[in-house]
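The chain contents come next:
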Amino acid sequence: MANVTLDFEKPIEELDAKLAEWERLSETSNIDMSNELESLKQKIQETRASIYKNLTAWQRVQLARHPNRPFTLDYVERIFTDFTEFHGDRRFSDDPAVVGGFARLDGKNVMVIGTQKGRNTKESVFRNFGCPHPEGYRKALRLMKMAELARVPIITFIDTPGAFPGVAAEERHIGEAIAVNLRDMFALTVPVLCVVIGEGGSGGALGIGVGNRVLLMENAYYSVITPEGCAAILWKDRAYSETAAEALHLTGKDLTELGLVDGVIEEPMGGAHRDYDAAASLVKKAVTENLAELEKMSPEELKTQRYDRFRSIQFYQEPCSAEEK
């Protein structure tokens, strides 16, 4: 994978380059620079901690989209065993932007479903850049109904900028496919746990996101629209994307306070792409703990809790009277 440095990470990159240069100089010149090297390493750690501790909403969006960030299948490989992928919606075709199948989590049977992006241009085109077609959502629902019959928990991994908005998707009723998923996921009587691992964009994310618990990774985002889309609508200029990201309150801290997510999963320093195994270990811990709690609930309790959870997400303001204005 190519080494990608984001703009706000450049001070760290410059210090890393200086460290490498000093280490080479110490070796080739046979000069003891141990004190200087140790001091520089300390400065790098402090700079890294300072930058990643104070990330803006827009910077977290950039990390959520990092090309080296682990995707659904990267987590499946590290968290589950005996994963058996299923294909096709039994109505039109298969959608590679959505993957899913039965697997085992510490010996327990589960159904795993997630949106999948590509690592390079060829893979990205094959996966439609993580934007599902209608058949992707219908495949996901088919697998959820299989999980219902098998009485196993459903775990979904969300990483999509949104459902595919093309003409072909509209012709095959993308809106109806998502709407049916929303309706039928509320009727499921097995535990449903959703994890936003990267981008959580609009109805495209919600199509597999109606869960008893919704967790968000530290540098992921969950929003009704992308910052660029919001900026284009409100300011008619995508240059305002950073402002839109702040206004959308799409980070873990904001979403937890608003009651839209139930927990934030910590990431390795610098983001999940820095250490796949460590990131997967943190995700597995959160998934295991939350599933253990959900499995104590009866089928009817699970259905009622999921319905009540989403019904409670609301905010409205009474219009001002002419006198108040």
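So, how was this worked out
- Residues numbered from 1 in each chain as written.
- Predicted model: local features only at pLDDT ≥ 70, side-chain atom pairs only at ≥ 80, totals over all residues.
- Heavy atoms only, no water.
- Salt bridge = Lys/Arg side-chain N within 4 Å of Asp/Glu carboxyl O.
- Helix = DSSP H or I, 4+ residues; strand = E, 2+ residues; numbered from the N terminus.
- Buried < 20%, exposed > 50% of the residue type's maximum accessible area, 1.4 Å probe, protein only.
- Axes fitted to C-alpha atoms, helices over the stretch in contact; angles between N-to-C directions.
- Parallel < 35°, antiparallel > 145°, perpendicular 65-115°, else oblique.
- Left-handed = near helix turned anticlockwise from the far one by under 90°.
- Contact = heavy atoms within 4.5 Å.
- Nonpolar A, V, L, I, M, F, W, Y, C, P; charged D, E, K, R; others polar.
- Phe/Tyr/Trp six-rings, centres within 6.5 Å; stacked < 30°, edge-to-face > 60°.
- Lys NZ or Arg CZ within 6 Å of the ring centre and 35° of its normal.
- Expected span 1.5 Å × (residues − 1).
- Core = buried A, V, L, I, M, F, W, Y, C linked by side-chain atoms within 4.5 Å.
- Pairing = 2+ DSSP bridges.
- pLDDT = per-residue confidence, 0-100.

### Points about the pattern of salt bridges
For side chains of opposite charge, pairing can occur when their charged atoms come near one another.
Consideration 1: On inspection of all chains with the given rule, the structure shows 24 salt bridges.
Consideration 2: When the shortest N-O distance is used, the salt bridge between Glu-267 and Arg-69 registers 2.6 Å. You can see Glu-267 sitting in the loop between strand E8 (263-265) and helix H13 (276-294) and its partner Arg-69 sitting in the loop between helix H3 (57-64) and helix H4 (72-79), a full 198 residues away along the chain.
Consideration 3: Connected through salt bridges with shared partners, the residues Arg-65, Lys-117, Asp-159, Glu-199 and Glu-228 form a single ionic network.

### Concerning the side chain of Glu-199
Consideration 1: Locating Glu-199 in the fold gives a position in strand E5 (residues 192-201).
Consideration 2: By relative accessible area, Glu-199 is classed as buried at 5%.

### Some thoughts on the packing of helix H1 (residues 10-29) against helix H2 (residues 34-53)
Consideration 1: For the pair H1 and H2, interaxial distance at closest approach is 10 Å and the crossing angle is 165°. When the axis of H1 is compared with that of H2, the two are roughly antiparallel. The handedness of the crossing between H1 and H2 is left-handed. The segment H1 lies against H2, with Pro-11, Ile-12, Leu-15, Asp-16, Lys-18, Leu-19, Trp-22 and Glu-23 engaging Glu-36, Leu-37, Leu-40, Lys-41, Lys-43, Ile-44, Thr-47, Arg-48, Ile-51 and Tyr-52.
Consideration 2: Looking at the contact of H1 with H2 residue by residue, the classes come out as ten nonpolar, one polar and seven charged.

### A look at the side chain of His-133
Consideration 1: With respect to the helices, strands and loops of the structure, His-133 is situated in the loop between helix H5 (121-126) and helix H6 (134-150).
Consideration 2: Among residues more than four places away in sequence, those in contact with His-133 are Asp-95, Asn-128, Phe-164, Ala-169, Arg-172 and Ile-174.

### A short note on the packing of aromatic side chains
Consideration 1: In the structure shown here, the tally under the stated rule is seven aromatic pairs.
Consideration 2: A ring pair is formed by Tyr-75 and Phe-157, whose centres lie 6.1 Å apart and whose planes are at 5°; its orientation type is stacked. With Tyr-75 in helix H4 and Phe-157 in strand E4 (residues 154-160), the pair connects residues that are 82 residues apart, well separated along the chain. Of the two residues, Tyr-75 and Phe-157, both sit in the buried class.
Consideration 3: When the centroid spacing of 6.3 Å and the interplanar angle of 75° are considered together, the rings of Phe-80 and Phe-157 count as edge-to-face. With a gap of 77 residues between them, Phe-80 in the loop between H4 and strand E1 (81-85) and Phe-157 in strand E4 connect regions that are remote in the sequence. The pair formed by Phe-80 and Phe-157 is uniform in burial state, with each residue classed as buried.
Consideration 4: Put simply, the rings of Tyr-75, Phe-80 and Phe-157 touch in pairs and so form one group of aromatic residues.
Consideration 5: Above the ring of Phe-310, the side-chain terminus of Arg-309 is found at 4.9 Å from the ring centroid.

### Quick word on H6
Consideration 1: Compared with an ideal rise of 1.5 Å per residue, which puts 17 residues at 24 Å, H6 spans 25 Å between its outermost C-alpha atoms and is within 8% of the ideal.
Consideration 2: Inspection of H6 places Pro-134, Glu-135, Gly-136, Tyr-137, Arg-138, Lys-139, Ala-140, Leu-141, Arg-142, Leu-143, Met-144 and Ala-147 among the buried residues, and these make up the whole buried set.
Consideration 3: Close packing links the buried residues of H6 with strand E2 (98-105), strand E3 (108-115), E4, helix H7 (167-171), helix H8 (174-186) and helix H9 (202-206).
Consideration 4: Two residues or fewer after H6 comes Arg-151, characterised by a positive phi angle close to 60°.

### A few points about the nonpolar core
Consideration 1: Among the nonpolar cores identified, the biggest contains 56 residues, and Tyr-75, Phe-80, Met-144, Ile-154 and Phe-157 are the most heavily contacted of them.
Consideration 2: Contact partners of Phe-157, with chain neighbours within four places excluded, come to Thr-72, Tyr-75, Phe-80, Val-112, Ile-113, Gly-114, Thr-115, Val-195, Ile-197, Ile-208 and Val-283.

### Focus on the pairing of strand E6 (residues 213-217)
Consideration 1: Counted residue by residue, E6 has five buried out of five residues, so it is predominantly covered.
Consideration 2: Residues of E6 alternate between two faces, with Arg-213, Leu-215 and Met-217 on one and Val-214 and Leu-216 on the opposite face, all of them buried.
Consideration 3: Bridging between E5 and E6 involves four bridges; their strand directions are parallel. In the sheet register, Cys-194 faces E6, and the bridge partner there is Val-214.
Consideration 4: Direction of pairing for E6 relative to E8: parallel, over a ladder of three bridges. When the sheet's bridge partners are listed, Leu-215 is paired in E8 with Gly-263.

### With respect to unusual backbone geometry
Consideration 1: At Asp-82, a residue that is not glycine, the phi angle is positive and equals roughly 55°.
Consideration 2: Looking at the element boundaries, Asp-82 is found in strand E1.
Consideration 3: A positive phi angle, close to 55°, is found at Asn-128, a residue other than glycine.
Consideration 4: Along the polypeptide, Asn-128 turns up in the loop between H5 and H6.

### Topic: the confidence of the model for the protein
Consideration 1: With 97% of its residues at a pLDDT of 70 or more, the protein has an overall mean of 92.
Consideration 2: Ranking the elements of the protein by mean pLDDT puts H1 last, at 84, and E4 first, at 98.

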